[in-house]
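Residue-level listing of the chains:
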Amino acid sequence: MAGQSWDASYRNGPAPWDIGGPQPAVERLVAAGGFTGAVLDVGCGTGENTLLIAAQGLPVLGVDIAETALETARSKAAERGIEAEFATADALHLERSGRRFDTVLDSGLFHALDTGERVEYVRSVAAVTEPGATLYVLCFSDTGPEPGPHPVRLDELVAAFTPNAGWRIESIETERIGTRFHEHGAPGRLATMTRVPADAS
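Residues numbered from 1 in each chain as written. Predicted model: local features only at pLDDT ≥ 70, side-chain atom pairs only at ≥ 80, totals over all residues. Heavy atoms only, no water.

Asker: Requested: an account of the overall build of the chain, with residues and values cited.
Answerer: Within the chain one finds six helices and seven strands. In sequence order, the secondary structure elements of the chain are arranged as α-α-β-α-β-α-β-β-α-β-α-β-β. A burial count over the chain gives 49% of its 201 residues as buried. (Helix = DSSP H or I, 4+ residues; strand = E, 2+ residues; numbered from the N terminus. Buried < 20%, exposed > 50% of the residue type's maximum accessible area, 1.4 Å probe, protein only.)

Here you go:
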């Protein structure tokens with residue numbers, strides 16, 4: 001989670017995952033009214049998903065560890081006249097924000113974490129949500145041709161988000177994730193989770 005290496009992905013040109021617009025899966029979630037209340041976009045990059053959600057009139061905080069990406073996101077918000085907040089934050093320590101959110105979006109962050117980081121990340125997101133909150137995780141899948149880097153197996157996804165960790169999985173759907181190197185998107189999964197008390201079974 002070192003910020004310098006992630007920042008370089010943006011300084012040296014468009015990052016591989018920066019497609020110049022929101023992810024199609026996120027567009028569908030927005031169209032279906034999937035975001036409510038205060039929204040957190042974890043690993044927001046240059047802010048396309050954040051801005052799409054904010055344009056619906058919702059208060060949205062986009063966080064990332066790459067300051068170059070955040071500067072770009074703030075410029076986009078100003079140019080488009082959209083109210084959205086962007087801040088530097090470590091996804092493994094979101095509790096440092098001192099805030100709570102009703103909906104959380106993770107578009108392409110979870111699959112970039114190693115096994116130990118995933119445990120910390122799941123705890124971190126739970127720390128900024130209350131029971132009843134919704135979490136969306138859009139990640140690369142190991143199923144299908146031309147997978148993206150660090151694809152996540154279904155059992156890995158299920159094992160990470162358990163009631164003991166504060167989450168109940170509502171659905172896991174097959175998706176495509178846009179990248180600059182996949183003409184029709186890379187194989188992915190969209191998981192929808194509900195925050196539950198950590199001692200739920």
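There's more to say after this.
Asker: So what's going on with the nonpolar core? Residues and values would help.
Answerer: By size, the foremost hydrophobic cluster in this structure holds 27 residues, and its most contacted members are Leu-40, Val-42, Tyr-121, Val-137 and Phe-161. Taken together, the elements giving at least two residues each to this core come down to strand 1 (39-42), strand 2 (60-64), strand 4 (101-107), helix 5 (115-127), strand 5 (129-140), helix 6 (154-160) and strand 7 (186-195). Ranked by the residues each element gives to this core, the list is headed by helix 5, at four residues. Once residues lying within four places of it in the same chain are set aside, the contact partners of Tyr-121 are Val-42, Ala-91, Leu-92, Asp-106, Leu-109, Phe-110 and Leu-113. (Core = buried A, V, L, I, M, F, W, Y, C linked by side-chain atoms within 4.5 Å. Contact = heavy atoms within 4.5 Å.)

Asker: Give me the lowdown on the sheet that holds strand 2, citing residues and values where you can.
Answerer: Hydrogen bonds along the backbone pair up the strands of a sheet, which may run parallel or antiparallel. Taken together, the seven strands give an open sheet; going across it, the order is 3-2-1-4-5-7-6, and neighbouring strands pair in mixed fashion. Only two strands of the sheet have a single neighbouring strand rather than two, namely strand 3 (85-88) and strand 6 (167-177). Averaged over all pairs of adjacent strands, the angle between their axes in this sheet comes to 20°, without regard to strand direction. As defined by bridge partners, strand 1 adjoins strand 4 across four bridges and the pair is classed as parallel. Note on strand 4: the bridge partner recorded for Leu-40 is Val-104. Strand contacts of helix 4 (residues 67-80): strand 2 and strand 3, with the helix running at about 170° to strand 3, the strand carrying the most contacts. (Pairing = 2+ DSSP bridges. Axes fitted to C-alpha atoms, helices over the stretch in contact; angles between N-to-C directions.)

Asker: Hey, could you go over the pattern of salt bridges for me, with residue numbers and the actual values?
Answerer: One pass over the structure, following the stated rule, counts twelve salt bridges. The shortest N-O distance in the salt bridge between Glu-67 and Arg-74 comes to 2.9 Å. For Glu-67, a relative accessible area of 30% gives the class partly exposed. Residue Asp-142 pairs with Arg-189 through a salt bridge whose shortest N-O separation is 3.4 Å. With a gap of 47 residues between them, Asp-142 in the loop between strand 5 and helix 6 and Arg-189 in strand 7 connect regions that are remote in the sequence. (Salt bridge = Lys/Arg side-chain N within 4 Å of Asp/Glu carboxyl O.)

Asker: So what's going on with the packing of aromatic side chains? Which residues, and what values?
Answerer: Applying the stated rule across the entire model yields three aromatic pairs. Summarising the aromatic geometry, the rings of Phe-110 and Tyr-121 are spaced 6.4 Å apart at their centres and angled 45° between planes, so their arrangement reads as tilted. A residue pair is termed long-range when its members are at least 10 positions apart, and Phe-110 in the loop between strand 4 and helix 5 and Tyr-121 in helix 5 qualify at eleven residues. With centroids separated by 5.3 Å and ring planes inclined at 45°, the aromatic side chains of Phe-110 and Phe-161 adopt a geometry described as tilted. Highlighted residues: Phe-110 in the loop between strand 4 and helix 5 and Phe-161 in the loop between helix 6 and strand 6, separated in sequence by 51 residues. (Phe/Tyr/Trp six-rings, centres within 6.5 Å; stacked < 30°, edge-to-face > 60°.)

Asker: Provide a residue-level description of the side chain of Asp-41, including the pertinent values.
Answerer: Structurally, Asp-41 can be placed in strand 1. This buried residue, Asp-41, is left without a salt bridge; Lys-76 holds the nearest opposite charge, at 10 Å. Not counting residues up to four positions away in its chain, the partners in contact with Asp-41 are Asn-49, Thr-50, Leu-61, Gly-62, Val-63 and Leu-105. (Lys, Arg positive; Asp, Glu negative; His and termini not counted.)

Asker: Describe in detail unusual backbone geometry, supporting the description with residues and values.
Answerer: Despite not being glycine, His-150 shows a phi value in the positive range, around 55°. With respect to the secondary-structure elements, His-150 resides in the loop between strand 5 and helix 6. On the basis of relative accessibility, which here comes to 52%, the residue His-150 falls in the exposed class.

Asker: Lay out helix 2 (residues 24-31) in plain terms, naming residues and giving numbers.
Answerer: Residues Ala-25, Val-26, Leu-29 and Val-30 constitute the buried set of helix 2. Buried residues in helix 2, looked at end-on, bunch into an arc of 140°, giving them a common side. The inward-facing, buried residues of helix 2 abut helix 3 (48-54), strand 4, strand 5, strand 6 and strand 7. Immediately downstream of helix 2, the backbone of Gly-33 shows phi near 75°, a positive value. (Arc of directions from axis to C-beta.)

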